[in-house]
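# Residue-level structure breakdown
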Amino acid sequence: DSTTTPTPTPTPAPSTSTLNNAIIDYSDSHLTSNQISNIANNYGLFVCDFKMSSASLAAIKAINPNILIYGYIDPLSQWTNSYPENYYVHDLAGQRVTFGSYSSDYAMNITSLSWMSYVSTNLINNQLSGSYYTGIYLDDIWSSLNNYVNYYYQFNDANTGVQLTSSNFDSSYVNNWQTNMVT
């Protein structure tokens, strides 16, 4: 009497149209079963915070093992104030700067080699190691700081809350923004 073990049916690869679809979830929570099913069945790329629950990511991968999951990192702003001082953007008065629309987020100094090294080693490599993430989504890669400081985002002095313009920053920092972003 021989017993045969049934062969599991492999999950089909997502359709070509699914690979062209992406969704970004900025939350850092657990997804509902409906959200998991929707993401896994309709998208080829899912971008989410690195704090997304492992259970949610495992469930998405179980349904669609071919989906790409990218961890979201914003190298220009961080909510914590415990980094070394040279990691932060400072105005000409030496005060830290926050993003006005995200008043608890500090503007990070992309000209600081130690900050960018920290981003590439700690925030990226450590997050990818042994995880469900297959890549990184770096947000806020701007070509010109001048437009963002003066028009799109409100930058504030972190201590006083006073709104800043590009004249409140070292001109080389503003003028070399694009070069510093891609270096």
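Please refer to the structure higher up on the page.
What you see is a predicted model, and the numbers here were worked out from it, not measured in a lab.

### Considerations on the overall build of the protein chain
Secondary structure assignment for the protein chain yields seven helices and nine strands. Here the protein chain holds 183 residues, and the buried ones make up 38% of them. Once local pairs closer than 6 in sequence are excluded, the contacts in the protein chain between residues at least 24 apart make up 59%. For the protein chain, the computed accessible surface area is about 10,300 Å², with 49% contributed by carbon and sulfur atoms.

### Comments concerning the environment of S27
As for its position among the elements, S27 is in the loop between β1 (22–25) and α2 (33–42). By relative accessible area, S27 is classed as partly exposed at 28%. It is 8.3 Å that separates the C-alpha atoms of S27 and K51, two residues lying 24 residues apart in sequence. Residues contacting S27, with those up to four places away along its chain left out, are D49 and M52.

### What to know about the environment of Q127
With respect to the helices and strands, the residue Q127 is situated in helix α4 (residues 113–128). As a C-alpha pair, Q127 and F50 span 77 residues in sequence and 7.1 Å in three-dimensional space.

### Points about the packing of α2 against helix α3 (residues 54–63)
As a packed pair, α2 and α3 sit with axes 9 Å apart at the nearest point and diverge in direction by 45 degrees. In terms of orientation, α2 and α3 fall into the oblique class. Crossing of α2 over α3 shows right-handed handedness. Residues I36, S37, I39, A40 and N41 of α2 lie in contact with α3, whose contacting residues are S56, A59, I60 and I63.

### Focus: α2
Residues of α2 that are buried include every one of I36, I39 and A40, and no others. Projection of α2 onto a plane perpendicular to its axis shows the buried side chains occupying an angular sector of 90 degrees, all on one side. Along its buried surface, α2 packs onto β1, β2 (45–49) and α3.

### Overview of the packing of aromatic side chains
One pass over the full model with this rule turns up ten aromatic pairs. Centroid distance Y83 to Y87: 5.7 Å. Interplanar angle 40 degrees. Geometry classified as tilted. Y87 matches Y83 in its accessibility class, with the two residues each being buried. Taken together, Y83, Y87, Y88, Y106, W115 and Y118 form an aromatic cluster joined through their ring pairs.

### A look at the sheet that holds β2
Spatial ordering of the open sheet is given by β1-β2-β3-β7, a layout of four strands whose pairing is parallel. Unpaired on one side and paired on the other, β1 and β7 (135–138) mark the two borders of the sheet. Across the sheet, the mean angle from the axis of one strand to that of its neighbour is 30 degrees, orientation sign disregarded. Note that strand β3 (residues 68–73) and β7 share four bridges and pair parallel. Considered in β7, the bridge of G71 is made with I136.

### Regarding the side chain of N109
Summarising the element assignment, N109 is placed in the loop between β6 (102–107) and α4. We classify N109 as buried; its relative accessible area is 13%. The contacts of N109, once residues within four sequence positions are left out, are N86, Y87, Y88, V89, W115 and Y173.

Rules of the game
Residues numbered from 1 in each chain as written. Predicted model: local features only at pLDDT ≥ 70, side-chain atom pairs only at ≥ 80, totals over all residues. Heavy atoms only, no water. Helix = DSSP H or I, 4+ residues; strand = E, 2+ residues; numbered from the N terminus. Buried < 20%, exposed > 50% of the residue type's maximum accessible area, 1.4 Å probe, protein only. Contact = heavy atoms within 4.5 Å. Areas by Shrake-Rupley, 256 points an atom, 1.4 Å probe, with all protein chains shown as cover. Axes fitted to C-alpha atoms, helices over the stretch in contact; angles between N-to-C directions. Parallel < 35°, antiparallel > 145°, perpendicular 65-115°, else oblique. Left-handed = near helix turned anticlockwise from the far one by under 90°. Arc of directions from axis to C-beta. Phe/Tyr/Trp six-rings, centres within 6.5 Å; stacked < 30°, edge-to-face > 60°. Pairing = 2+ DSSP bridges.

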